[in-house]
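Residues per chain are reported as follows:
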Amino acid sequence: MEWFYIHFWLCLLILSTSSFHKTWALESETRSDPGTELLTRELLESAKEAEFFDWLKRIRRRIHQYPELAFEEYETSRLVRQELDSLGIEYSWPFATTGLVATIGSGDKPWFCLRADMDALPIQELVEWEYKSKIDGKMHACGHDAHTTMLLGAAKLLQSKRDQLKGTVKLVFQPGEESRGGAYHMLKEGAIDGVEAIFGLHVSPYMLTGTIGSRPGPMLAGSGRFVAVIQGKGGHAASPHKTRDPILAASFAVISLQQILSREIDPLEASVVSVGFMEGGEALNVIPETVKLGGTFRSMTSEGFSYIQQRIKEVIEMQALVHQCTASVDFMLEKLRPYPPTVNDVPTYEHAKRVGEFLLGERNVKLIPQSMGAEDFSFYTQKMSATFFMIGTNNETFKSDKGLHSPHFIIDEDVLPIGAALHAAIAITYLDGNVESTH
């Protein structure tokens, strides 16, 4: 027994020493890369120059004033093309109606991709400021105006170094992220065939300006939606025995859906089924013919997502049958295409994290928790090495802490040069580190 403890502590000491040397070596390697340190500093300083920063703000404010919904981003796409033309950058379009892909570099491999989404939301802006949305009922309440602007900023930085790029950078300006799966359609149309890796960025009002965050592996949930119609037999509520009550069937279905999570899914696997609405009947004394209900389901794994989808259909149909009704379940696979989980490729994540630490400092690169939110960037993660990061926009002075999709959402525009420099630095250093593998 005593030898066991001596052996245990000796092994622990060896492992700790080994871990220390590995950690020290990694930190030394990070600190001893003057090229990356110099590059990130140069890019950020360039993006923060008054003329450059003013240009970024003008673009973002113009896009913000004229928000366009999914696959309607005609003017936003036109603005992007005009800016690319003025920078002398070539592009191909249209993809997925309004999308485009710009190309900077030699055209040779490796090919690295940067992506921004362009669409707005059907929300009435309630923020009173000079550049408030001019389109009633439409607003950039998820920061896609900033995403597009930061990618244009990266385009300008990359174009200034085009002769030094050891490969090719593709810039994806994508439509229809909000519930419409624009990324899926960009891939389907071959917009970035041949690309080896991709990086995406999303603003976060929950993180301070000057910080970024992500995590390796699963980051965001897969998300789907469903609408079910339960058909019964209506009649007077005083004679329920002469009816087939769809409200009762729907009530049992809603309760039973939660048992999928509590009794069929591993409690260590994050998953959600939420019913968001139920419609049926109008009179107080009449049992209706039909009830309509719908909601969302989410999982951090593709397997869990597929299982929950199948069980939602079975549970609703069987509960309807038990109550002598019938049911149909629509997952709206084309109209509201389900999003798979967003899973970050570990090496690509580590690369972006390392560049971020050079740009912003190690303290300002955060390991963030998984979220049950969803993003159509996930479609890219299924096809190539990919990583997705959040970038902070919270500035206490501006009270820019209102949540995404809020009519009061605002951002700290100081994020724009940071995002532009981060995009460009990640792309350049990726090409530098992967050029040898292509020979």
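Up top you'll find the structure we're talking about.
Residues numbered from 1 in each chain as written. Predicted model: local features only at pLDDT ≥ 70, side-chain atom pairs only at ≥ 80, totals over all residues. Heavy atoms only, no water.

Colleague: Provide a residue-level description of the side chain of R81, including the pertinent values.
Modeller: One can find R81 in helix α4 (residues 74-87). Of the side chains with opposite charge, D85 comes closest to the buried, unpaired R81, at an N-O distance of 6.3 Å. A distance of 2.7 Å separates a polar atom in the side chain of R81 from a polar atom in the side chain of S77. If we ignore the near neighbours within four places in the chain, the residues touching R81 are Y91, W93 and L100. (Helix = DSSP H or I, 4+ residues; strand = E, 2+ residues; numbered from the N terminus. Buried < 20%, exposed > 50% of the residue type's maximum accessible area, 1.4 Å probe, protein only. Lys, Arg positive; Asp, Glu negative; His and termini not counted. Salt bridge = Lys/Arg side-chain N within 4 Å of Asp/Glu carboxyl O. Polar contact = N/O pair within 3.5 Å; in protein donor to acceptor, adjacent residues only side chain to side chain. Contact = heavy atoms within 4.5 Å.)

Colleague: Any chance you could break down the sheet that holds strand β15 (residues 365-367) for me, citing the residues and the numbers?
Modeller: Taking strand neighbours across the sheet as the criterion, the 8 strands line up as β1-β2-β4-β3-β5-β16-β6-β15 in an open arrangement whose pairing is mixed. In the strand order of this sheet, the two ends are held by β1 (90-95) and β15, each with one partner. Across this sheet, the average inter-strand angle for adjacent strands is 25°, counted without regard to direction. Here 6 bridges tie strand β2 (residues 99-105) to strand β4 (residues 168-174), and the two strands are oriented antiparallel to one another. In the strand pairing of β4, G105 is matched with T168. Where α4 meets the sheet, it contacts β1, β2 and β4, and its direction lies at approximately 15° from that of β2. (Pairing = 2+ DSSP bridges. Axes fitted to C-alpha atoms, helices over the stretch in contact; angles between N-to-C directions.)

Colleague: I'd like to hear about the pairing of strand β8 (residues 222-231), residue by residue, with values.
Modeller: Along any regular strand, the residues point their side chains to alternate faces of the sheet. The element β8 is extensively covered by neighbouring structure, given that 7 of its 10 residues are classed as buried. By the bridge criterion, 10 bridges tie β8 to strand β12 (residues 290-299) in an arrangement that is antiparallel. From the neighbouring strand, S223 faces β12, where its bridge partner is R298. By the bridge criterion, 5 bridges tie β8 to strand β13 (residues 326-330) in an arrangement that is antiparallel. Each residue of the ladder has a partner; that of I230, found in β13, is A327.

Colleague: Mind laying out the environment of R81, listing which residues take part and the relevant values?
Modeller: By relative accessible area, which is 11% here, R81 ends up buried. For the pair R81 and L100, spaced 19 residues apart in sequence, the C-alpha separation works out to 8.3 Å.

Colleague: Can you tell me about the nonpolar core, naming the residues and giving the values?
Modeller: Residues L84, F112, L114, L158, L171, F173 and F199 are the most contacted members of the largest nonpolar core, which totals 66 residues. In terms of residues, this core owes the most to one element, helix α11 (residues 415-434), which gives 13 residues. In this structure L171 touches L100, V101, A102, I104, L114, L151, A155 and L158, once residues within four positions along its chain are discounted. Grouped together as the second largest cluster of nonpolar side chains are 27 residues, C113, A183, V195 and I368 included. (Core = buried A, V, L, I, M, F, W, Y, C linked by side-chain atoms within 4.5 Å.)

Colleague: How would you summarise the sheet that holds β8 if you had to cite specific residues and measurements?
Modeller: Strand order in this open sheet of 4 strands is β10-β12-β8-β13, and the pairing throughout is antiparallel. Strands with a single pairing partner mark the edges of an open sheet, and in this sheet they are β10 (271-279) and β13. Across the sheet, the mean angle from the axis of one strand to that of its neighbour is 20°, orientation sign disregarded. In the sheet, β10 pairs with β12 via 8 bridges, with the strands oriented antiparallel.

Colleague: Quick one: what's the story with the packing of helix α2 (residues 34-48) against α11, residue by residue and with numbers?
Modeller: Taken N-terminus to C-terminus, the directions of α2 and α11 make an angle of 145°; their axes are 8 Å apart at the nearest point. Handedness of the crossing formed by α2 with α11: right-handed. Each of T36, L39, T40, L43, L44, A47 and K48 in α2 lies in contact with α11, whose residues at this interface are P417, I418, A421, A424, A425, I428 and T429. (Left-handed = near helix turned anticlockwise from the far one by under 90°.)

Colleague: Account for α2, with residues named and values stated.
Modeller: Taking 1.5 Å of rise per residue, the 15 residues of α2 would be expected to cover 21 Å, and the 21 Å separating its terminal C-alpha atoms lies within 8% of that figure. Among the residues making up α2, those that are buried are T36, L39, T40, L43, L44 and A47. Take α2 and look down its axis: the buried residues cluster within an arc of 120°, on one side only. For α2, the exposed residues set more than 90 degrees away from the buried face come down to P34 and L38. (Expected span 1.5 Å × (residues − 1). Arc of directions from axis to C-beta.)

Colleague: Provide a residue-level description of the packing of helix α3 (residues 50-65) against α4, including the pertinent values.
Modeller: Taken N-terminus to C-terminus, the directions of α3 and α4 make an angle of 160°; their axes are 10 Å apart at the nearest point. One way to sum up the angle between α3 and α4 is to call them roughly antiparallel. With respect to the hand of their crossing, α3 and α4 are arranged in right-handed fashion. Where α3 approaches α4, its residues W55, I59, R62 and I63 are matched on the opposing element by T76, L79 and E83. (Parallel < 35°, antiparallel > 145°, perpendicular 65-115°, else oblique.)

Colleague: Please provide a residue-by-residue account of the pattern of salt bridges, values included.
Modeller: A pair can form between side chains of opposite charge whenever their charged atoms are brought close. Taken as a whole and assessed by the stated rule, the structure comprises 19 salt bridges. In this structure, D33 and R354 form a salt bridge, with 2.6 Å as the shortest nitrogen-oxygen distance. Here D33 is found in the loop between α1 (2-31) and α2, whereas its partner R354 is found in helix α9 (residues 346-360), with 321 residues between them in sequence. Among the residues examined, R354 registers a relative accessible area of 25% and is labelled partly exposed. With its nearest N and O atoms 3.8 Å apart, the salt bridge here joins K57 to D54.

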